[in-house]
Amino acid sequence: SSSSSSSRGRRRRAVVSSCSDDASDISSSESWLEPGSSYVAGGGVLGRSRHLLPLVTGSSRDGNGADSSSSSSNNGRSSLPQVHSPAAAAVAHAAASGNIPDGGLVAVKVQYPGALHTMTLDLVNLRTTSAFLQKTELKFDLLSAVEEMQRQIHLEFDFMREARVMDTIAQHLQQLSSHVAVPRSVPGLISQRLMVMTYMEGLPLMQLRDKVAHLSEWKRRKAARHILARVSEAYGLMILGEGLFQADGHPGNILVQPHGRVALLDYGQSKQLGAEDKRAFAELVVALKKGDKAAISAALHHLHVVTSKDDISLRSDMAYGMFDTRGRVSV
């Protein structure tokens, strides 16, 4: 199973392969509740084969110390067995209610109880450290960055918001659907701490190098340009189009699918830009392409980037370091 990873340790993962009614065909991950990763995959087989449910059940307590469980009925027949794992419960309910997307597989995001509280305390400590370093060691505005993280982190733990953002972006990128894929939430199976969505097949970007190692250098470069072009097109449309974009575009959140199609995962971190910010960012991109230092400095000003010295060359170098992957920073 391909899934995005998270260093924040707020989710759980499980994998259940789509299979026949024979229990011997079941293949379940040994890491049913492995910390530090993002997704739970399940198949529609759970809805058809209720005797298999005990194989994927476990116990999990919510933030109040209570067990999370679910049961379903099928056309008036006896209820499905009680499922104590919230991940398994969501998959079972989706299958039994007919909400499994085409293809039969879904991904489920599960939030660890108490994770938001832990992250909030970590950021309080980080803010204290940043304030000390800013006063004594570094002439850089660390506090603004940490305070932005503090404001944003609460949104990342709201899976209902994430589902709305993900579905909205999927609609915005519909015109690119032949080569850019975005998961969709499963209606009725979204809560503050659990989200069921369509499952994205694919190879994580960081694992692609090993898969193409046998190809010639020319073919590897061509493939890299192809993937970069599609990711850039998607982000360009998100940022400069509607202004709503996925703001956590690290390689672990990008899957490569057959024929070079890319899938973009994880919409917990997202931002909405207004018309003025979109225009200023577009002007910055054009100025960076032209190498116009004065225009770059002006665009940074319009984006509210402030420096202690009004040095055009310094601001230009900083802009390349912040926004250009070619990284023209002088050290």
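Residues numbered from 1 in each chain as written. Predicted model: local features only at pLDDT ≥ 70, side-chain atom pairs only at ≥ 80, totals over all residues. Heavy atoms only, no water.

Engineer: Which parts of the structure should I look at to understand the side chain of Gln152?
Structural biologist: Secondary-structure assignment places Gln152 in helix α4 (residues 142-156). The residues touching Gln152, leaving out its near neighbours within four places in the chain, are Gln269, Ser270 and Lys271. (Helix = DSSP H or I, 4+ residues; strand = E, 2+ residues; numbered from the N terminus. Contact = heavy atoms within 4.5 Å.)

Engineer: Whenever I open this one, the sheet that holds strand β10 (residues 262-264) confuses me. Can you help?
Structural biologist: The strands that make up a sheet pair up through hydrogen bonds in the backbone, lying either parallel or antiparallel. Spatially, β4-β10-β9-β7 is the arrangement adopted by the 4 strands of the open sheet, whose pairing is mixed. Every other strand in the sheet has two partners, leaving β4 (180-181) and β7 (203-204) as the edge strands with one partner each. Docked against the sheet, helix α7 (residues 217-242) engages β4, β9 (254-256) and β10, running at close to 40° with respect to β10. (Pairing = 2+ DSSP bridges. Axes fitted to C-alpha atoms, helices over the stretch in contact; angles between N-to-C directions.)

Engineer: What's the story with the pattern of salt bridges in this structure? I'm lost.
Structural biologist: Side chains that carry opposite charge are capable of pairing whenever their charged atoms lie near each other. Within this structure, the stated rule accounts for 7 salt bridges. Across the pair Arg151 and Glu148 runs a salt bridge, and its minimum N-O distance is 2.8 Å. Taken as a pair, Arg151 and Glu148 lie in helix α4 at a separation of 3 residues, close to a single helical turn. Here Arg279 and Glu283 are joined by a salt bridge, their closest N and O atoms 3.4 Å apart. Here Arg279 pairs with Glu283, and both are found in helix α8 (residues 275-290), just 4 residues apart, close to one helical turn. With a relative accessible area of 59%, Arg279 lands in the exposed category. Residue Glu283 is classed as partly exposed on the basis of its relative accessible area, which comes to 32%. Within the structure, one salt-bridge network assembled from shared partners comprises Lys109, Glu162 and Asp266. (Salt bridge = Lys/Arg side-chain N within 4 Å of Asp/Glu carboxyl O. Buried < 20%, exposed > 50% of the residue type's maximum accessible area, 1.4 Å probe, protein only.)

Engineer: I tried to follow α8 on my own but got confused; where do I start?
Structural biologist: For an α-helix, the turn length of 3.6 residues means that residues three or four places apart are oriented alike. For α8, with 16 residues, the first-to-last C-alpha span of 23 Å sits near the 22 Å given by 1.5 Å per residue. Among the residues of α8, those classed as buried are Lys278, Ala280, Leu284, Ala287 and Leu288. Residue Gly291 follows α8 closely and has a positive phi angle near 75°. (Expected span 1.5 Å × (residues − 1).)

Engineer: Please clarify how the packing of aromatic side chains should be interpreted in this entry.
Structural biologist: The relation between two aromatic rings is expressed through the spacing of the ring centres and the mutual angle of the planes. For the structure shown, the criterion picks out 1 aromatic pair. With centroids separated by 6.0 Å and ring planes inclined at 65°, the aromatic side chains of Phe281 and Phe323 adopt a geometry described as edge-to-face. Placement of the pair is Phe281 in helix α8 and Phe323 in helix α10 (residues 312-323), with a sequence separation of 42 residues. The ring of Phe159 has Lys109 lying over it, and the distance from NZ or CZ to the ring centre is 5.7 Å. (Phe/Tyr/Trp six-rings, centres within 6.5 Å; stacked < 30°, edge-to-face > 60°. Lys NZ or Arg CZ within 6 Å of the ring centre and 35° of its normal.)

Engineer: Explanation requested: unusual backbone geometry in the structure shown.
Structural biologist: Note: most residues except glycine have negative phi, and most peptide bonds are trans. You will see that His259, though not glycine, has its phi angle at about 65°, which is positive. As for its position among the elements, His259 is in the loop between β9 and β10. Here His259 falls in the exposed class, since its relative accessible area comes to 80%. If you check the backbone angles, His304 has positive phi at about 70° while not being a glycine. We classify His304 as exposed; its relative accessible area is 62%.

Engineer: Can you walk me through the nonpolar core in this structure?
Structural biologist: Nonpolar side chains tend to gather and get buried jointly when the protein is soluble and globular. Within the largest apolar cluster, 30 residues are counted, with the highest numbers of intra-cluster contacts made by Ile169, Leu173, Val180, Met238, Leu264 and Tyr267. Elements that contribute at least two residues to this core include exactly α5 (159-172), β6 (194-198), α7, β8 (244-246), β9 and β10. Once residues within four sequence positions are removed from consideration, Val180 is found in contact with Leu173, Arg230, Ala234, Arg261, Val262 and Leu264. Ranked by size, the runner-up nonpolar core spans 11 residues in total, among them Ala280, Leu300, Leu303 and Tyr320. (Core = buried A, V, L, I, M, F, W, Y, C linked by side-chain atoms within 4.5 Å.)

Engineer: Just checking my understanding: could you explain the packing of α8 against helix α9 (residues 293-302) for this structure?
Structural biologist: How two helices pack is summed up by the angle between their axes together with the distance between the axes. Interaxial distance between α8 and α9 falls to 9 Å at its minimum, and their mutual angle equals 160°. It follows from the interaxial angle that α8 and α9 lie roughly antiparallel. Seen from above, α8 lies across α9 with left-handed handedness. When α8 is examined against α9, the residues Ala280, Glu283, Leu284, Ala287 and Leu288 are found in contact with a partner set consisting of Ala295, Ile296, Ala299, Leu300 and His302. When grouped by side-chain class, the residues that make up the contact of α8 with α9 number 8 nonpolar, 1 polar and 1 charged. (Parallel < 35°, antiparallel > 145°, perpendicular 65-115°, else oblique. Left-handed = near helix turned anticlockwise from the far one by under 90°. Nonpolar A, V, L, I, M, F, W, Y, C, P; charged D, E, K, R; others polar.)

Engineer: Looking at this structure, I do not really get the pairing of strand β5 (residues 185-190). What am I missing?
Structural biologist: Bridge count between β5 and β6: 2 bridges; the pairing is antiparallel. Each bridged residue has a counterpart across the sheet, and for Ile190 the counterpart in β6 is Met195. If you look at the hairpin formed by β5 and β6, you'll find 3 residues sitting between the two strands.

Engineer: In this structure, what is going on with the packing of α8 against α10? I would like to understand it.
Structural biologist: In the contact formed by α8 and α10, the axes pass within 11 Å of each other and the chain directions differ by 105°. Judged on the interaxial angle alone, α10 and α8 are roughly perpendicular. Residues Phe281, Leu284, Ala287 and Leu288 of α8 form the contact with α10, whose participating residues are Ala319, Tyr320 and Phe323. A breakdown of the residues in the contact of α8 with α10 according to their chemical character gives 7 nonpolar, no polar and no charged.

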